[in-house]
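Spelled out from the first residue to the last, the chains are:
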Amino acid sequence: MEYRLLGRSGLKISTITMGTMTFGGKGWAKTVGELGVSEARRLTDMCLDAGVNLIDTADVYSDGVCEEVLGEIIGGPRKNGVLIATKARFPMGSDPNDAGSSRYHLIRACEASLRRLKTDVIDLYQLHEWDGVTPLEETMEALDTLVRQGKVRYVGCSNFSGWHIMKALGVSERDRRARFVSQQIHYTLEAREAEYELLPITVDQGLGVLVWSPIAGGLLSGKHRRNQAAPEGTRQFAGWTEPPIRDENRLWTIVETLVEISDGRGVSAARVALAWLLGRPGITSVIVGGRTPEQFADNLAAADLTLTAEERARLDAVSAPPILYPYWHQLNTANDRLSEADRVLLGPHLQD
């Protein structure tokens, strides 16, 4: 297992992070999985034995039950080196203040997560989504308070746009508050929108990147194929709608290329998709989940798979995002003065 620094922090995390959305099985999360403590413990031990040192969860997963299950497994004196990441922002009750990124909600949400996780500190506390109502000054001050109180070690964000991140970083630096060390994003061969703003910001501002749903909710696993119904037992069969599929023909072309490469290497398509991500600029770790030891074993093996330049080029070619404005203009007229961050998106086109 490889370990990479999380942004500008001195914290090293494994390139594979264990996701836990399959724990609990309450409410909307039941579609994803409903693992109890004994099953979840077996999978957690498997990941830790493989060298995974970060486990990611959220208060909203199964209405807190996911955190409770994880607390039963890792709560109290933790195994040496195990790191816990969780998130807050979404509704955790019917009260109008039971959601959002206000100081009121974040402090209460963090304390509730600490209780459910049976721990006295959260290693990475992440804003699960943007809140356009609460002033960022209030949000960043609340996160800073949690860090200063010793309840949280590092803070990050998830599902922010580029300008949201830059505004938050500006507020935290101006007011000398704890700064985001990471962002958790959706980024796959099928959905490469992060290359427009989020990954350049990562390179420019020194943020770590955790990728959620790195095989697109199973769409890139090789189980889903052109002109075939979703296999029974998959998220898509159960009606899962993330990520949205905007170009179905493009999706199946990507899947077919993945399968061709994976067959040639004697590995799964999912493993190839994960290995492609781990070789992309700015990526720190991919969050893998599952319901069976076989799924986790296959995903964990991606940490040891290195794609050839030819294989990466084939995957890049079938999945490349279009160059939107202002990027096509910059490519045409500013390519003599592009930064390393600019080259995340435009670099391959300069080579062409």
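For the structure, see preceding data.
Read on for an overview of the structure.

For strand β7 (residues 152-158), a buried count of five out of seven residues is recorded, marking the element as mostly surrounded by other parts of the structure. As defined by bridge partners, β7 adjoins strand β8 (residues 180-186) across four bridges and the pair is classed as parallel. Considered in β8, the bridge of Gly156 is made with Ser182. Of the crossover connections in this fold, the one passing from β7 over helix α5 (residues 162-174) to the parallel β8 is right-handed.

Our next topic: the sheet that holds strand β5 (residues 83-88). Strand order around the closed barrel formed by eight strands is β3-β4-β5-β6-β7-β8-β9-β10, with parallel pairing between neighbours. Averaged over neighbouring strand pairs, the angle between their axes works out to 30° when direction is ignored. Inspection of the sheet shows β5 paired to strand β6 (residues 122-127) by four bridges, in the parallel sense. Residue pairing across strands places Lys87 opposite Gln126, the latter belonging to β6.

Moving on, we get to the pattern of salt bridges. What the rule picks out here adds up to 19 salt bridges. Across the pair Glu111 and Lys151 runs a salt bridge whose closest N-O atoms are separated by 2.7 Å. Residue Glu111 is found in helix α3 (residues 103-117), and its partner Lys151 is found in the loop between α4 (136-148) and β7; the two are separated by 40 residues along the sequence. Between Glu311 and Arg265 there is a salt bridge, with its nearest N and O atoms 2.7 Å apart. One end of the pair, Glu311, is in helix α10 (residues 309-319); the other, Arg265, is in helix α7 (residues 248-265), with 46 residues separating them in the sequence.

The next subject is the nonpolar core. For soluble globular proteins, the rule of thumb is that nonpolar side chains tend to be buried together. In this structure, Phe23, Tyr125, Phe180, Tyr187, Leu220, Leu258 and Val286 are the most contacted members of the largest nonpolar core, which totals 87 residues. Ranked by the residues each element gives to this core, the list is headed by helix α8 (residues 269-278), at nine residues. The contacts of Tyr125, once residues within four sequence positions are left out, are Thr86, Lys87, Ala88, Leu106, Ala109, Cys110, Leu143, Leu146, Val152, Tyr154, Val155 and Gly156. The next biggest cluster of nonpolar side chains, apart from the first, holds ten residues, and it includes Leu11, Val181, Leu210 and Ile287.

Now for the side chain of Glu67. Within the element layout of this structure, Glu67 appears in helix α2 (residues 65-74). The class for Glu67 is buried, based on a relative accessible area of 0%. Of the polar contacts made by the side chain of Glu67, one reaches the side chain of Thr86; its length is 2.6 Å. With near-sequence residues (within four places) excluded, Glu67 lies in contact with Thr57, Ala58, Asp59, Thr86, Ser113, Arg116 and Leu117.

Further remarks concern unusual backbone geometry. Residue Pro326 follows Tyr325 across a cis peptide bond; omega there is 10°. Positive phi, close to 55°, is recorded for Asp63, a residue that is not glycine. Along the chain, the position of Asp63 falls in the loop between β4 (54-56) and α2. Residue classification places Asp63 among the partly exposed residues on the basis of a relative accessible area of 42%. Despite not being glycine, Asn159 has its phi angle at roughly 65°, a positive value. Within the secondary structure layout, Asn159 lies in the loop between β7 and α5.

With that settled, consider the packing of α2 against α3. Viewed as axis vectors pointing N to C, α2 and α3 meet at an angle of 50°, and their least axial separation amounts to 7 Å. The angle between α2 and α3 falls in the class oblique. Only Ser113, Arg116 and Leu117 of α3 make contact with α2, whose side of the interface consists of Glu67, Glu68, Leu70, Gly71 and Ile74.

With that settled, the discussion passes to α4. For α4, spanning 13 residues, the distance from its first C-alpha to its last is 18 Å, which sits close to the expected 18 Å at 1.5 Å a residue. Listed as buried for α4 are Leu136, Thr139, Met140, Ala142, Leu143, Asp144, Thr145 and Leu146. Those residues of α4 that are buried lie in contact with α3, β6, β7, α5 and β8. Positioned one or two residues after α4, Gly150 has a phi angle of 80°, which is positive.

How each quantity is defined
- Residues numbered from 1 in each chain as written.
- Predicted model: local features only at pLDDT ≥ 70, side-chain atom pairs only at ≥ 80, totals over all residues.
- Heavy atoms only, no water.
- Buried < 20%, exposed > 50% of the residue type's maximum accessible area, 1.4 Å probe, protein only.
- Helix = DSSP H or I, 4+ residues; strand = E, 2+ residues; numbered from the N terminus.
- Pairing = 2+ DSSP bridges.
- Right-handed = clockwise from strand over helix to strand, strands pointing away.
- Axes fitted to C-alpha atoms, helices over the stretch in contact; angles between N-to-C directions.
- Salt bridge = Lys/Arg side-chain N within 4 Å of Asp/Glu carboxyl O.
- Core = buried A, V, L, I, M, F, W, Y, C linked by side-chain atoms within 4.5 Å.
- Contact = heavy atoms within 4.5 Å.
- Polar contact = N/O pair within 3.5 Å; in protein donor to acceptor, adjacent residues only side chain to side chain.
- Parallel < 35°, antiparallel > 145°, perpendicular 65-115°, else oblique.
- Expected span 1.5 Å × (residues − 1).

These results come straight from atomic positions and should not be treated as a statement about function.
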